[in-house]
Amino acid sequence: RGAAPAPRRVRGASRLSVRRAAAEPLGLGSLVPDTLREMETDEEFKLAKERLETEGQAALTREERARRRRALTGMNVPSFDAFVAERGVTPLRRKPTTILQVNIGLYCNQACSHCHVESSPLRKEEVMSAKTANRLIELMDNSNGSIKTLDITGGAPEMMEQFRPLVIAARKRGIEVIDRCNLTVLFEPGQEDLPEFLAGNGVKVVASLPCYSEENTDKQRGAGVFSRSIAALVELNRVGYGVKGTGLDLDLMYNPGGAFLPPSESKLTEAYRSELGETYGVQFSRLVTLTNMPIKRFADYLHREGKTEEYMRLLVENFNPAAAEGVMCRDLVSVSWDGRVFDCDFNQQLDMPMPRSFGKGGDEKNESAGLTVFDVESLDELTGTRLAVDNHCFGCTAGAGSSCSGATA
């Protein structure tokens, strides 16, 4: 993808000269045309698109789930619900909601191989409306101060029309805002003032950077992405992000480049700080790790490589009861672009919404459609309800645990 020049490695040079070297890709245009060309020629993307058109998303999701179930059956592993109960984990029920996570659209300038929401420049229609965004603001007002964080994701959320209104509304209410940023979005048309907007509103940035190596990052996210990501980090540092004393948090998120668990966050942080700091003069606040969930594009990868059973075995054998106690879905609510309500972002992508009966006065009529933000007056109504779990949940409970905020144990 693209002909973005790699940032020059200049160990020992002054920080200013390093930043100038890293900033060379700033004049590049949008990634979208390059991403679309790559999708047109990539055989895996072409096959996935063809199957989606002929079989439908629901059928593909059922097939994916069946593969995981067959792998677990071969290991004599019961359902996730039964598995955690046998190990004395606290019943999987909702606590008061403190994090409202919102996927405001699936459109993205990239099409990453590990993306569990399968975002791309082709996802133009799945975008949150002003009506749904305004309803989210009403729910923040109606939830008696329990919501402490608005976590905005996508796609590339910054490219969605409702991104800035939601940020401004939440910050006016004293609610922390997290922007899950792919970094390259900073160089898309119309995003020239994005660093200043984020800093001016005190938004916490959680940026995807799966490796400090150009080769590994581009393999997972597309050619030229690493150099643009470094340039974006330099831009964020310029307005104070990741710099001590500014109060502007810049967290980096790592996910493995294959069928293995992430290493220790503390050890990996040392490597990231050394490589990014010494080589490019980049500063950041914290590194968080995320386990690859065995769903969507990563599930397709496991199936192609014949590694589904191997990966599910890895997750099960590394089950950690402490991680199960700390799963993010206990106090997080996930809302999709169309306003449906889920226990987590992963359930959202697998079309496992909360049942409509969870809403006030709800019944089983049209239950299959799932709960929406228009069916509840406050997210407090969901406290105590049962969490929807399935065999993909082993991904959040393996090793040190995994969540959108990093390790949980």
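Refer to the structure printed above.
Note that the coordinates shown come from a computational prediction; the quantities given were computed from them, not determined experimentally.

(A) Representation of the nonpolar core. With 66 residues, the main nonpolar core has Leu100, Leu150, Leu166 and Tyr272 as its most contacted residues. Counting residues per element, this core draws most heavily on helix α10 (residues 225-238), at seven residues. When neighbours within four sequence positions are excluded, Leu166 is seen to be in contact with Ile104, Met128, Ala133, Leu136, Ile137, Met140, Leu150 and Ile152. In terms of nonpolar packing, the next biggest core, distinct from the first, is built from 34 residues, Ala71, Val77, Phe83 and Ala398 among them.

(B) Up close: the packing of helix α3 (residues 43-55) against helix α4 (residues 57-73). Relative to each other, α3 and α4 sit at 110°, their axes nearing to 7 Å. Taken as axis vectors, α3 and α4 run roughly perpendicular relative to one another. Between α3 and α4, the residues in contact are Arg51, Leu52 and Glu55 and Gln57, Ala59, Leu60, Glu63 and Arg67, respectively. In the contact of α3 with α4, the residues fall into three nonpolar, one polar and four charged.

(C) Representation of unusual backbone geometry within the structure. Here the residue pair Gly154 and Gly155 is connected by a cis peptide bond, since its omega of 25° sits within 30 degrees of zero. Looking at the secondary structure, you find Gly155 in the loop between β2 (149-153) and α7 (163-172). With a phi angle near 60°, Asn76 is a residue other than glycine that sits in the positive phi range. Mapped onto the elements, Asn76 comes out in the loop between α4 and α5 (80-86).

(D) Looking closely at helix α11 (residues 265-280). Counted at 1.5 Å a residue, the expected span for α11 with its 16 residues is 22 Å, and the 21 Å between its end C-alpha atoms agrees. Among the residues making up α11, those that are buried are Glu265, Leu268, Thr269, Tyr272, Leu276, Thr279 and Tyr280. With its buried residues spanning 145° around the axis, α11 presents them on a single face. What points out from α11, more than 90 degrees from its buried face, is the exposed set Lys267 and Glu270. Where α11 ends, the next residue or the one after it, Gly281, has phi of about 70°, a positive value.

(E) Up close: empty space enclosed by the protein. Going through the model one piece at a time under the given rule, you end up with three cavities of 30 Å³ or more. By volume, the second largest cavity is sized at about 150 Å³. Taken together, 17 residues line the second largest cavity, and the ones lying closest to its centre are Val327, Cys329, Val389, Cys393 and Cys396. Residue composition of the lining of the second largest cavity, grouped by class: 14 nonpolar, three polar and no charged.

(F) Examining the pairing of strand β3 (residues 176-181) more closely. Of all six residues making up β3, five are buried, and the element is well covered by its neighbours. Taken together, the four bridges between β2 and β3 define a ladder with parallel strand orientation. Directly across from Asp151, in β3, lies its bridge partner Ile178. A crossover connection joins β2 to the parallel β3 through α7; in handedness this β-α-β unit is right-handed. Inspection of the sheet shows β3 paired to strand β4 (residues 204-208) by four bridges, in the parallel sense. Bridge pairing in β4 places Arg180 opposite Val206. Handedness of the β-α-β unit built from β3, helix α8 (residues 194-200) and β4 comes out right-handed.

(G) Quick look at the sheet that holds strand β6 (residues 286-289). Reading across the sheet, the eight strands line up as β6-β5-β4-β3-β2-β1-β7-β8 and stay open at both edges, with mixed pairing between neighbours. Edge positions in the open sheet fall to β6 and β8 (341-342), since each of these has one partner strand only.

(H) Region of the structure containing α7. All buried positions along α7 are accounted for by Phe163, Leu166, Val167, Ala169 and Ala170. For α7, the secondary structure elements touched by its buried residues are α6 (130-142), β2, β3 and α8. One or two positions beyond α7, positive phi appears at Gly174, with a value near 75°.

Definitions and cut-offs
Residues numbered from 1 in each chain as written. Predicted model: local features only at pLDDT ≥ 70, side-chain atom pairs only at ≥ 80, totals over all residues. Heavy atoms only, no water. Core = buried A, V, L, I, M, F, W, Y, C linked by side-chain atoms within 4.5 Å. Buried < 20%, exposed > 50% of the residue type's maximum accessible area, 1.4 Å probe, protein only. Helix = DSSP H or I, 4+ residues; strand = E, 2+ residues; numbered from the N terminus. Contact = heavy atoms within 4.5 Å. Axes fitted to C-alpha atoms, helices over the stretch in contact; angles between N-to-C directions. Parallel < 35°, antiparallel > 145°, perpendicular 65-115°, else oblique. Nonpolar A, V, L, I, M, F, W, Y, C, P; charged D, E, K, R; others polar. Expected span 1.5 Å × (residues − 1). Arc of directions from axis to C-beta. 1 Å grid on protein atoms, 1.4 Å probe; cavity = no way out; pocket = protein on both sides within 12 Å on 5 of 7 lines; lining within 4 Å. Points joined across faces, edges and corners; volume = space filled by probe spheres on them. Pairing = 2+ DSSP bridges. Right-handed = clockwise from strand over helix to strand, strands pointing away.

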